[in-house]
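# Observations on the model geometry
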Amino acid sequence: SGKQKTTINQKEYLLDAGDILIIPPGMLHLNACYSENGLRYFTAHFDIDEPVLRYVLMKNIPLIFEKHTAENTTLQVIINEWIDLYDKAPSFSLSDKILTIQILTKLIFELIRFTELDPKKNTNIQTLSIARSIAEVINHNFHHFFERKNTEKIDILIKKIYAEANVSPSYGLEAFKKIYGISPKNYLDSLKLKEAKRLLTIPDITIESISERLGYSHPAHFSRQFKNWVGVSPNSYRKTNIANFVS
């Protein structure tokens with residue numbers, strides 16, 4: 001309900017009640033209320049690692065599906081399933097989490113169907129292959145990154161990743177950003193954030209231990225970085241989220 005003004009790449013969009021907004025990864029944006037009486041909205045963040053699928057969603061999906069369009073109507077049914085699931089009280093069970101995955105899968109399927117495009121005809125296969133290779137190397141070496149204590153060492157490892165993928169750093173960076181919307185360093189940070197969130201939902205693991213696992217020399221450094229990523233401290237995130245995972 002209400003109206004929202006969204007600024008993406010310095011262009012403004014006005015959204016009315018019922019409109020659906022899709023923001024691709026890595027795209028800077030600012031959302032603001034545009035109604036005197038406020039607004040009410042549902043938002044979902046999800047991550048897709050498969051290069052072709054990610055590219056299609058980034059490049060071929062419209063930013064806005066306006067209310068009363070056929071595409072909007074289809075998506076509304078799926079999104080309302082999601083909202084009904086999260087409105088359940090008083091707990092959120094394991095089966096509910098599986099249902100979340102099913103709902104998200106349906107949503108992605110419809111978004112891809114709306115593009116009506118063959119990704120092989122609209123992307124450079126070599127670019128996709130290079131981006132996939134870099135991502136696979138980062139994932140494969142992920143636990144080794146935990147042991148690195150400073151940014152300089154991470155940068156050295158990123159250069160080695162380009163070498164393993166048999167591309168120059170400049171071309172590797174360009175190809176990766178074209179497919180993933182972020183740099184390999186940012187991609188590595190996203191993996192660290194996912195791992196940090198997962199570990200924070202396990203009550204028996206201390207924040208000091210999590211900090212050490214992620215390669216930070218001091219818990220304060222980890223806490224500061226986590227707050228930059230999420231907007232809250234690790235302790236606050238743990239208190240808010242742990243109940244859902246132990247219920």
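Just so you know, these numbers come straight off a predicted model, no measurement behind them.

### Some remarks on the overall build of the chain
Along its length, the chain carries twelve helices and five strands. Here the chain, with 247 residues, has 36% of them falling under the buried criterion. Excluding contacts between residues fewer than 6 apart, the proportion of contacts in the chain whose partners are at least 24 apart in sequence is 67%. About 15000 Å² of surface is accessible on the chain, with carbon and sulfur atoms providing 52% of the total.

### Overview of the environment of Thr-206
Mapping Thr-206 onto the fold places it in the loop between helix H9 (184-200) and helix H10 (207-213). Among the polar contacts listed, one links the side chain of Thr-206 to the backbone nitrogen of Ser-209, at a separation of 3.0 Å.

### Let's talk about the nonpolar core
Counting residues in hydrophobic clusters, the biggest one holds 21 residues, and the most contacted among them are Ile-134, Ile-138, Ile-161, Phe-176, Ile-179, Tyr-180 and Tyr-187. In terms of residue count, the dominant contributor to this core is helix H5 (residues 125-140) (seven residues). Ranked by size, the runner-up nonpolar core spans 17 residues in total, among them Ile-78, Ile-79, Leu-107 and Leu-111.

### Notes on a nonpolar patch on the surface
A cluster of nonpolar side chains, contributed by Leu-94, Ile-98 and Ile-101, occupies part of the molecular surface with about 310 Å² of accessible area. Mapped onto the elements, Ile-101 comes out in helix H3 (residues 94-115). On the basis of relative accessible area, Ile-101 is assigned to the exposed category, the value being 52%.

### Quick look at H3
Taking 1.5 Å of rise per residue, 22 residues should cover 32 Å, and H3 covers 33 Å from first to last C-alpha, within 8% of that figure. Where H3 is concerned, the buried positions are Asp-96, Thr-100, Ile-103, Leu-107, Ile-108, Glu-110, Leu-111, Phe-114 and Thr-115. In an axial view of H3, the angular spread of the buried residues amounts to 160°, which keeps them on one side of the axis. For H3, the exposed residues lying more than 90 degrees away from the buried face are Leu-94, Ile-101 and Phe-109.

### Comments concerning the sheet that holds strand E1 (residues 4-8)
Sheet architecture is open: three strands sit in the order E2-E1-E4, paired in antiparallel fashion. Strands with a single pairing partner mark the edges of an open sheet, and in this sheet they are strand E2 (11-15) and strand E4 (29-33). Geometrically, the sheet is characterised by an average inter-axis angle of 20° between neighbouring strands, direction not taken into account. Direction of pairing for E1 relative to E4: antiparallel, over a ladder of five bridges. Within E4, the residue paired with Thr-7 across the bridge is Leu-30.

### Observations concerning the environment of Ser-183
Mapped onto the fold, Ser-183 is located in the loop between helix H8 (169-180) and H9. Classification of Ser-183 as buried rests on a relative accessible area of 14%. Setting aside residues up to four positions removed in sequence, Ser-183 forms contacts with Leu-173, Phe-176 and Lys-177. Polar contacts involving the side chain of Ser-183 include one to the side chain of Asn-186, which spans 3.0 Å.

### Concerning the pattern of salt bridges
Counted by the stated rule, this structure contains six salt bridges. A salt bridge links Lys-5 to Glu-12; the nearest nitrogen and oxygen atoms lie 3.8 Å apart. By relative accessible area, Glu-12 is classed as exposed at 52%. Residues Asp-189 and Lys-185 are paired through a salt bridge, measuring 3.0 Å at the closest nitrogen-oxygen approach. One end of the pair is Asp-189 and the other is Lys-185, both in helix H9 and four residues apart, which spans about a single turn. Asp-189 sits in the buried class, given a relative accessible area of 13%. Using a relative accessible area of 24% as the deciding quantity, one classes Lys-185 as partly exposed.

### Remarks on the confidence of the model for the chain
Mean pLDDT for the chain: 81, with 85% of residues reaching 70 or above. Per-element averaging of pLDDT across the chain places helix H4 (residues 119-122) at the bottom with 49 and strand E3 (residues 20-21) at the top with 93.

### Here's the deal with the environment of Ile-79
Within the secondary structure layout, Ile-79 lies in helix H2 (residues 70-86). Along the sequence, Ile-79 and Leu-104 sit 25 residues apart, while their C-alpha atoms lie 8.9 Å from each other. Here Ile-79 is in contact with Ile-20 and Phe-42, once residues within four sequence places are set aside.

Thresholds, definitions, all that
Residues numbered from 1 in each chain as written. Predicted model: local features only at pLDDT ≥ 70, side-chain atom pairs only at ≥ 80, totals over all residues. Heavy atoms only, no water. Helix = DSSP H or I, 4+ residues; strand = E, 2+ residues; numbered from the N terminus. Buried < 20%, exposed > 50% of the residue type's maximum accessible area, 1.4 Å probe, protein only. Contact = heavy atoms within 4.5 Å. Areas by Shrake-Rupley, 256 points an atom, 1.4 Å probe, with all protein chains shown as cover. Polar contact = N/O pair within 3.5 Å; in protein donor to acceptor, adjacent residues only side chain to side chain. Core = buried A, V, L, I, M, F, W, Y, C linked by side-chain atoms within 4.5 Å. Patch = residues over 30% accessible without salt bridge, like charges linked within 9 Å, V, L, I, M, F, W, Y side chains within 5 Å. Salt bridge = Lys/Arg side-chain N within 4 Å of Asp/Glu carboxyl O. Expected span 1.5 Å × (residues − 1). Arc of directions from axis to C-beta. Pairing = 2+ DSSP bridges. Axes fitted to C-alpha atoms, helices over the stretch in contact; angles between N-to-C directions. pLDDT = per-residue confidence, 0-100.

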